[in-house]
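The primary structure of each chain is shown beneath.
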Amino acid sequence: MSQRQSTNRAPEQVPDQASLWTVPKARGISAVTGPDPRQERAVRTRAEILRCAAQLFAERGYQQTGIKDVADRVGMTKGAVYFHFPNKQALAVAVVEALYSSWPRALEEVRAKGLSPLDTVIEMFNTATAAFLEDPIMQAGTRLQNERGVIEAELPLPYVDWTNLISMLLREAREQGQLADRVDPDVAARVAVAAFFGAQHISNNLHERSDFAERWREVRDLLFPAMRARPQAASGPS
Ligand code: LUB
């Protein structure tokens, strides 16, 4: 089992941030000799193949994409693609894994803004919204997960890591008194992820995502105020 899959487990089993994800180690770098230029080139080539494959998977879907299409788009031979990925299934798995392994960094970047936990949740979804609109890895990962039934490979479980991440942040929000008493952080995380995905899916199918930023703002502006604790009531009528 890959490291990625081993961290991809059911929500209740993942208690804290540290165990949510394991960031893959950079390959081809020896502590003794430093980066090997050939390996660095190989890593860049692999990333370029992955990016082109993601574009194609996002545009056409898994079944309508062939290794030859990927090779043509990268401007390489099929053999060169096969050097990095044994088959199309491996490409699909790598795209989804690239997507899932990007979230720890996304969280770090959002954390760096120093927002409250609840605003960190909102900002994470805002970031995901932007990725749906402009990042081929995100678009392809989403499409591939929707097509997982016809992909003859085991993709990491969808939605689970993201839901765990949001639950963790909402539990922090609870500890800091930001959540209304009636709100269960784990339930709220499931509802938020479902609403986000539902809005994304509908916008994708009806309008090729062109209205998604606006649809997400609607969900966000209805959902999060409903979770937020009201400010302490003033001592009397003013
Ligand atoms: C994330 C996708 C696309 C969630 O499975 C998942 O968690 C995800 C595909 O299924 O993005 C981003 C909110």
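See the structure shown above.
Student: Teacher, can you tell me more about the nonpolar core here?
Tutor: General note: in soluble globular proteins, nonpolar side chains tend to be found buried as a group. Ranked by size, the top nonpolar core spans 62 residues in total, and within it F57, L91, F125, W162, L170, F224 and M227 carry the most contacts. In contact with F57, not counting residues within four places along its chain, are Y62, T65, K88, L91, A92, V95, A140, R143 and L144.

Student: What exactly am I supposed to notice about the site of the ligand here?
Tutor: Inspection of the region around the ligand gives L99, Y100, W103, F132, M138, T142, Q145, P158, Y159, W162, F196 and F197 as its neighbouring residues. Y100 is positioned such that a nitrogen or oxygen atom in its side chain is 2.6 Å from an oxygen atom of the ligand. Burial of the ligand by the protein amounts to 100% of the accessible area it has alone, namely 340 Å². Sorting the residues of the shell around the ligand by element identifies α5 (88-100), α8 (136-146) and α10 (185-207) as the ones contributing at least two each. A total of three residues in the shell around the ligand trace back to one element, the largest contributor, which is α8.

Student: Can you help me understand unusual backbone geometry in this one?
Tutor: The phi torsion of most residues other than glycine is negative, and most of the peptide bonds are trans. With phi around 70°, Y159 is a residue other than glycine that occupies positive phi space. Tracing the chain through its elements places Y159 in the loop between α8 and α9 (160-175). The backbone phi angle of R209 is positive, close to 75°, even though this residue is not glycine.

Student: Looking at this structure, I do not really get the pattern of salt bridges. What am I missing?
Tutor: It is possible for side chains bearing opposite charge to pair when their charged atoms get close. Per the counting criterion, the structure on display carries 13 salt bridges. The residue E172 makes a salt bridge to R111 at a minimum N-O spacing of 2.9 Å. In this pair, E172 sits in helix α9 while R111 sits in helix α6 (residues 103-111), placing the two residues 61 residues apart along the sequence. Classification of E172 by relative accessible area gives partly exposed; the value is 22%. A relative accessible area of 29% means that R111 is categorised as partly exposed. For E123, the salt bridge identified is with K113, shortest N-O distance 2.9 Å. Note that E123 is positioned in helix α7 (residues 117-134) and K113 in the loop between α6 and α7, a separation of 10 residues in sequence. Sharing partners across several salt bridges, the network here consists of D211, R215 and E218.

Student: Is there a simple way to explain the environment of E154 in this structure?
Tutor: Within the fold, E154 resides in the loop between α8 and α9. By relative accessible area, E154 is classed as exposed at 64%.

Student: What exactly am I supposed to notice about the packing of aromatic side chains here?
Tutor: A complete count under the given rule lists 15 aromatic pairs for this structure. On the numbers, 6.2 Å between centres and 85° between planes, the contact of F132 with F197 is edge-to-face. You can see F132 sitting in helix α7 and its partner F197 sitting in helix α10, a full 65 residues away along the chain. Ring centres of F132 and F212 lie 5.8 Å apart, and the angle between their planes is 85°; this geometry places the pair in the edge-to-face category. Taken together, the positions of F132 in helix α7 and F212 in helix α11 (residues 212-227) put the pair 80 residues apart, joining distant regions of the chain. Taking the relative accessible area as the measure of exposure, F212 reaches 1% and is therefore buried. An aromatic cluster of three or more residues is present, and its members are Y100, W103, F125, F132, Y159, W162, F196, F197, F212, W216 and F224. We note K88 situated over the ring of Y62; from NZ or CZ to the ring centre the distance is 4.2 Å.

Cut-offs used in this document
Residues numbered from 1 in each chain as written. Predicted model: local features only at pLDDT ≥ 70, side-chain atom pairs only at ≥ 80, totals over all residues. Heavy atoms only, no water. Core = buried A, V, L, I, M, F, W, Y, C linked by side-chain atoms within 4.5 Å. Buried < 20%, exposed > 50% of the residue type's maximum accessible area, 1.4 Å probe, protein only. Contact = heavy atoms within 4.5 Å. Near = heavy atom within 4 Å. Polar contact = N/O pair within 3.5 Å; in protein donor to acceptor, adjacent residues only side chain to side chain. Areas by Shrake-Rupley, 256 points an atom, 1.4 Å probe, with all protein chains shown as cover. Helix = DSSP H or I, 4+ residues; strand = E, 2+ residues; numbered from the N terminus. Salt bridge = Lys/Arg side-chain N within 4 Å of Asp/Glu carboxyl O. Phe/Tyr/Trp six-rings, centres within 6.5 Å; stacked < 30°, edge-to-face > 60°. Lys NZ or Arg CZ within 6 Å of the ring centre and 35° of its normal.

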